[in-house]
Structures are given as C-alpha cells and as structure tokens.
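Chain by chain, the residues run as shown.
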Amino acid sequence: MKVAPHRPEPDEHVGPILPDYGGAWIGGVVPALLGDGDPSWLPGPVHDARAVVLLVLDGLGWEEVQQRGVLLPTLSRMAGRPITSVVPSTTAAALTSITCAAAPASHGIVGYRMRVGGRGLNVLRWKATPDDAVPDPPSVQSLPPFLGHRVPVVTRAEFRGTGFTIAHLRGTDFTGWRTVSALLEGVRRHVDQGASFVYAYYDGVDKVAHEFGLHEPVYETELELTDRIVADLLDRLPSDTALLVTADHGQVQVGERNAVKLDGVRRLVAAYSGEGRFRSLHARPGASRELEAACGSLYGERAWVLSRDQLFDEGWLGPGASLAVRGRLGDVVLAARAPIMFTDPGQSKEAKMHSQHGSLTPAEMRVPLLAARGQR
C-alpha cells in the first residue's frame, strides 16, 4: 500500500524565491549544452557526453523529488541538484525561457494569460479576446529557439502548428507523440541517427496534479509512471548519451475552497490576467496607486503585493523588458504565498484546479536538474 508522506503547506513567512538568472536556472540549461554558456554547473553525467537528451517534465518540482523518492527511484538515483524556475513560475513563461534561453522580461511571455496590444491573450491556447485579434506569434516572442540551432523536438503531436509552439519551438525538427511509446522511440531514433542534442517534453504530472491534486492515489501513480518513462529512456539510450531531466515549475495544493475572490478591489480593476497564484490586475485609469494600497491592506498577509514597476525595475522577471512587454503585466500583481489562489471573475474553471503554480514559493520555484548516462 502506498503511504503519502507528510506534505507541509507553504510557509507564509518564508521570503520569495527569486530566479538565479545569472547562474543555475532553467534558461541557462540550453546555452550551457549548446556551447554558449558555462557548463560547469551541469550534472557530471552530461560532461563529455556525445549527445544529450533534455527531458522537461512539466510540473515536477524539486520538493516532489525529495519527498516522493519511494515513487521516483530512478530520478532519485540520478546526479544533480535543484535549480530555479522563472517569475512567474508558469508553463508559458518557463518553457519559453528554457527553449529561448532568456528571462520572461526579454522573451515577453509574462504569464499564462497576458495583455497584448490592449487585448487579453491566452498564451497556451493562443486565443485572444476578441477572437479575431490573435497576434502573430513571432511578433509577441521574437527570440529564436535554441539559439538558432535546428534541434530535434519530441513533444505532443497536437501541439504542431499551434501559436504557442510557433512562439517557443519554431524552426525545430518537430516529432509529435500521442503515446508514451512514441515519445520513447522518437527520442531513441533521433539519437541513433546522430543528433547531439534532443529536446523532449512530457506533461502528465502537471495534468494529473491540476485535475486531482497532490494527495490522491492517481497522482502517486502518475509519479511512478513518469519515473518509469525516465528509466525506459535510459534503457534505450547508448552509454555515450546523457539524459538530463528538468521541469518548468513545481506545484502547490490549493483546492476550490482556497479560492479568494477579489471583491474588495473589483471597482479599481479594469482587467485581469496572469494565473491564480500570480494574479495580474490592470487598474482603471488613474487608480493604480489606490489599487496597490488596497491590495496591500486586504491581501498583504497572504500574498506578496508587487507593482509592475517593482517587478521590472528590480529584475524579478529578468533584464531587458521593452515598454511593450512591461504593458503585458498588470499594474499590481498578487503573488500568493499562502496555499490559495486569487480568482478572475471571467475564469470560473480556474478555481477548480486542485493544484496550481505561478508564484514564488520554494515548491513552485525550485525544480530538478538531474542526469544519468544511457544504459544501452
């Protein structure tokens, strides 16, 4: 019988975890592998490998690897350490940072939902409000993925040609998978055909965590399956190839009962963006200071209340933000430090996700960077 370990809730008194943009962070992995960065902080099995497979496990935080080691025996035996995600710690921003080797302030994807040209854009679905105003992906994110190298990418088949794929994976050798077997064989085939670098993506942990939460048996089963995928990949890779595993972000158990309505500031808000744990509030004209003060008074004990200027001027999203990118974020951001989420009145389904991410807690910001050599 599986026994879930004790999982402490986020400590509301712990300060925010900020990305190590100049050191060990997810956006530094690709430059270190492709010869445009310092590789010394990468795990030992990567060094002198003929080829490297970078596997991104969506939603698998470092705390899960530490606390669920009995369910993750392969990952637990691999060499490595935790590194930091990005602000916000959400898939759209983090995957773009991994593939484009840049912080969100530079690549411009500053959330799951953001304001582009005065309109709301759902980045993962690449849907805008109104529907006829969808921007061209390269106009939103102009940096070339993988430093301009044409890299084999093994990811979900349904992602082919989508707006977000164009934004963060354009110009790659796309191989789509619909089953785990196709993922495994797609990676093996690229390596056997001589590729020196392969990027692969698996999103099962994130999907199951959102739908069921972190305390259900199905989540434990998903962790076991994910570890088996890692083991099966190692079995299929030759000994001169390293498998390097990381993630885009971790997770926090929230649940619908911990959804906080923002009724106290609704009259000051013109639009909402971001995500539940990194809620971006766009103020009505002339109301930005009043909105920030009200948020601090009402929600400051449960969230870091941050202004747009603070986030960009202090480099929380990295350096180099243009005026256009700054405008994609709200005037005020509520970054949850308690196990809660802040609702958007127009996104009722968001509160139904049992686990969420996007904020600055250790569970969300620290992700694994683990490596081992192939066993074939």
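Residues numbered from 1 in each chain as written. Predicted model: local features only at pLDDT ≥ 70, side-chain atom pairs only at ≥ 80, totals over all residues. Heavy atoms only, no water.

### Let's talk about the sheet that holds strand β8 (residues 197–202)
Consideration 1: Sheet architecture is open: seven strands sit in the order β2-β18-β9-β1-β8-β6-β7, paired in mixed fashion. The sheet is open, and its two borders are formed by β2 (79–84) and β7 (173–177), each paired with just one other strand. Going from strand to strand, the sheet's axes swing by 20° on average, the running direction of each strand aside.
Consideration 2: Looking at chain direction, strand β9 (residues 241–246) and strand β18 (residues 366–373) are connected through four bridges and run antiparallel. (Pairing = 2+ DSSP bridges. Helix = DSSP H or I, 4+ residues; strand = E, 2+ residues; numbered from the N terminus. Axes fitted to C-alpha atoms, helices over the stretch in contact; angles between N-to-C directions.)

### Regarding the confidence of the model for the protein chain
Consideration 1: Chain-level pLDDT for the protein chain is 94 on average; 97% of the residues reach the 70-or-more range.
Consideration 2: Long-range and interchain partners of residues 1–8, a stretch whose pLDDT sits below 50, account for 16 contacts in this model, where long-range means more than four residues apart. (pLDDT = per-residue confidence, 0-100. Contact = heavy atoms within 4.5 Å.)

### Describing the sheet that holds strand β3 (residues 113–116)
Consideration 1: Spatial strand order, β3-β4-β5: three strands in an open sheet with antiparallel pairing. Lying at the two open borders of the sheet, with one neighbouring strand each, are β3 and β5 (127–129). Shown here is a sheet whose adjacent strand axes are inclined to one another by a mean of 30°, direction ignored.
Consideration 2: Sheet topology places β3 next to strand β4 (residues 119–122); four bridges connect them, and they run antiparallel. Within β4, the residue paired with Val116 across the bridge is Arg119.

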